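Structural features, examined
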Protein chains: 2
Amino acid sequence: MKKEPPQKYASKIFKKHNHNACFNDSMKAFQKHCVQKNLKLTPLRSKVFEFLLRDHQPLGAYQILDMLRDSGFASTPPIAYRVLDFLIEQGFAHKIKRLNAFVACSHPGSTHSPTFMICRKCDKVAEIDEKDSGIDLKKATSFDFKVEEAVIEFIGLCTSCVTVEAT
Amino acid sequence: MKKEPPQKYASKIFKKHNHNACFNDSMKAFQKHCVQKNLKLTPLRSKVFEFLLRDHQPLGAYQILDMLRDSGFASTPPIAYRVLDFLIEQGFAHKIKRLNAFVACSHPGSTHSPTFMICRKCDKVAEIDEKDSGIDLKKATSFDFKVEEAVIEFIGLCTSCVTVEAT
DNA sequence: AGATGTATGTTATATTATAACAAGGAGATA
DNA sequence: TATCTCCTTGTTATAATATAACATACATCT
Ligand SMILES: [Zn+2]
Ligand SMILES: [Zn+2]
Ligand SMILES: [Zn+2]
Ligand SMILES: [Zn+2]
């Protein structure tokens, strides 16, 4: 099995990045994934993924519903939750529990236990690599408990907001 | 400043422990804390803490409301949420996001970034020491982000439930 | 007693999420 | 082509979780 190359964009959303390339690459990866797995990349799914990708801002389900309405889609809760479930199952989105909101995954494709840094001031969210997070999941699994999944959310201040607050 | 002695009971709820002693010690610690900080340990607060302590099972706010009703207290949502907020602020309870439920803290007194192990089968929750969790918060703080708080929840199977599932 | 501050009680409502079932459409099968 | 099957989308209703705003009670201090 070939090792995935490291992701170029958006590994840290707090930094500037080439977002056009980031957006296009993500969309293409999603399309490719759906073809490979024989899943239907419908207009609805594509649109929701686009919303999440647009500026990496976490979106609540009801925000997404509003955006869908504006785009001419049906907009009752199950519509959004179903698509979000799909995106999460396929590894192209995550739920941020702290915000009850959803973000596009920053390194789709590879299975991973994402760690998030959430700015309590601007609500921006960065998804970081396991190796950079200070987390050692192997160490976490004790003989008392079999860890299957880790939900890790750091809350604090991003660089911009730290600066503002220091003023 | 004197170093806190290690907690004797319930550091891992999946293990058997002397629960009578655990219960009494926790109650006393809570009483002592309230006296020291000049906070009122009212019957309501005491009762809710007792519920949480009873068998370490995480309780939802509405479960607690039912139990309060049975004990002759008022039982509209703010009643429970306010007491829970109080217990959390004082460091005697935590919220488990995965379960939308609340547990008594296993090592109250010392400030800590709790890490939880949550059994997806029986919903039991153990709070573990930072040093045992495989988490290094200092390492997690990058120059891009100032970590103030960490929410860490491991989901998996406790020993009993692993055994059952293997059958 | 009167003033103050905190805790509790009450009413209403906001926010987030799911259950259950109906309708539509693409592709396979006959 | 007709029909079957599967999956997606649409609809209606409701569950589950949480908070806002305001009223009352009650202790403590003066
Ligand atoms: Zn981008
Ligand atoms: Zn920020
Ligand atoms: Zn105990
Ligand atoms: Zn279990």
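Residues numbered from 1 in each chain as written. Chains lettered and ligands numbered in written order. Predicted model: local features only at pLDDT ≥ 70, side-chain atom pairs only at ≥ 80, totals over all residues. Heavy atoms only, no water.

Turning next to the coordination of the zinc ion (ligand 2). Residue and element names in this part refer to chain A. For the zinc ion (ligand 2), the full set of protein donor atoms is C119 (SG), C122 (SG), C158 (SG) and C161 (SG), and the range of their distances to it is 2.1 to 2.4 Å. Coordination at the zinc ion (ligand 2) is tetrahedral: its four donor atoms span angles of 99 to 121° at the metal. All donor residues of the zinc ion (ligand 2) come from one chain, and their arrangement in sequence is C-x2-C-x35-C-x2-C. You can see C119 sitting in strand β3 (residues 115-119) and its partner C158 sitting in strand β5 (residues 145-158), a full 39 residues away along the chain. Take C119: its relative accessible area is 0%, and that puts it in the buried class. Assessed through its relative accessible area of 2%, C158 is described here as buried. (Donors = N, O, S within 2.8 Å, 3.2 Å for Na, K, Ca; no water. Tetrahedral: all angles 85-135°; square planar, octahedral: opposite > 155°, others 65-115°. Helix = DSSP H or I, 4+ residues; strand = E, 2+ residues; numbered from the N terminus. Buried < 20%, exposed > 50% of the residue type's maximum accessible area, 1.4 Å probe, protein only.)

Moving on to the packing of aromatic side chains. We describe a pair of aromatic rings using the distance from one ring centre to the other and the angle between the two ring planes. Residue and element names in this part refer to chain A. The full count for this structure, using the stated rule, is twelve aromatic pairs over all chains. Centroid distance F30 to F92: 5.0 Å. Interplanar angle 50°. Geometry classified as tilted. Placement of the pair is F30 in helix α1 (residues 19-36) and F92 in the loop between α4 (77-89) and β1 (93-96), with a sequence separation of 62 residues. Both residues of the pair, F30 and F92, belong to the buried class. Members of the aromatic cluster, joined through ring pairs, are F30, F49, F86 and F92. The ring of F86 has R45 sitting right over it, with the charged end atom 3.7 Å from the ring centre. (Phe/Tyr/Trp six-rings, centres within 6.5 Å; stacked < 30°, edge-to-face > 60°. Lys NZ or Arg CZ within 6 Å of the ring centre and 35° of its normal.)

The environment of DNA strand C is formed by 14 residues, the closest being A:Y62, A:K95, B:T42, B:T76 and B:R82. Counting only the atoms of DNA strand C within 4 Å of the protein, the fraction contributed by sugar and phosphate is 49%. B:R82 places a side-chain nitrogen or oxygen 2.5 Å from a base nitrogen of DNA strand C. Elements that contribute at least two residues to the surface near DNA strand C include exactly α4 of chain A together with α2 (43-55) and α4 (77-89) of chain B. In terms of residue class, the surface near DNA strand C is built from eight nonpolar, three polar and three charged. (Near = heavy atom within 4 Å. Polar contact = N/O pair within 3.5 Å; in protein donor to acceptor, adjacent residues only side chain to side chain. Nonpolar A, V, L, I, M, F, W, Y, C, P; charged D, E, K, R; others polar.)

With that out of the way, let us pick up the pattern of salt bridges. When charged atoms on two side chains of opposite charge get close, those side chains can pair. Within the structure shown, the criterion is met by ten salt bridges over all chains. The partner of A:K47 in a salt bridge is A:E50, with the nearest N and O atoms 3.7 Å apart. Residue A:K47 and its partner A:E50 are both found in helix α2 (residues 43-55); the two are separated by three residues, about one turn of the helix. With a closest N to O distance of 3.0 Å, B:E50 and B:R54 form a salt bridge. Within this pair, B:E50 and its partner B:R54 are both found in helix α2, separated by four residues, close to a single helical turn. Taking the relative accessible area as the measure of exposure, B:E50 reaches 21% and is therefore partly exposed. (Salt bridge = Lys/Arg side-chain N within 4 Å of Asp/Glu carboxyl O.)

Let us now look at α4(A). Residue and element names in this part refer to chain A. If you check α4, its first and last C-alpha atoms are 18 Å apart, about what 13 residues at 1.5 Å a residue would give, namely 18 Å. Among the structural elements, α1, α2, α3 (61-70), β1 and β2 (101-104) are those in contact with the buried residues of α4. Taken from the residues just after α4, G91 is the one with a positive phi, measuring 80°. (Expected span 1.5 Å × (residues − 1). Contact = heavy atoms within 4.5 Å.)

All names here are of chain B. Summarising the metal site, the zinc ion (ligand 3) is bound by the protein donors H17 (NE2), H19 (ND1), C22 (SG) and H56 (NE2), whose distances to it range over 1.9 to 2.3 Å. Here the zinc ion (ligand 3) is ringed by four donor atoms whose angles at the metal span 102 to 115°, and the overall shape comes out tetrahedral. Linear spacing of the donor residues for the zinc ion (ligand 3) on their chain is H-x1-H-x2-C-x33-H. In this pair, H19 is assigned in helix α1 (residues 19-36) and H56 in the loop between α2 and α3 (61-70), connecting sequence segments 37 residues apart.

Here we take up the domain arrangement of chain A. Residues and elements named next belong to chain A. Partitioning chain A into structural domains gives domain 1 (17-107) and domain 2 (112-167). Contact residues are listed per partner, giving 13 residues for domain 1 and 14 residues for domain 2. Carbon and sulfur atoms make up 60% of the surface buried where domain 1 meets domain 2, a total of about 1,100 Å² over both sides. Inspection of the region where domain 1 meets domain 2 yields zero salt bridges. Counting across the interface, domain 1 meets domain 2 through six residue pairs in polar contact (both at pLDDT 80 or more). Of all elements in the fold, only β1 and β2 reach the threshold of two or more residues within the side of domain 1 that touches domain 2. The element best represented in the side of domain 1 that touches domain 2 is β1, accounting for three residues. Of the residues assigned to the side of domain 1 that touches domain 2, the class counts are six nonpolar, four polar and three charged. (Domains from an automatic or database assignment. Buried area = accessible area lost by both parts, 1.4 Å probe.)

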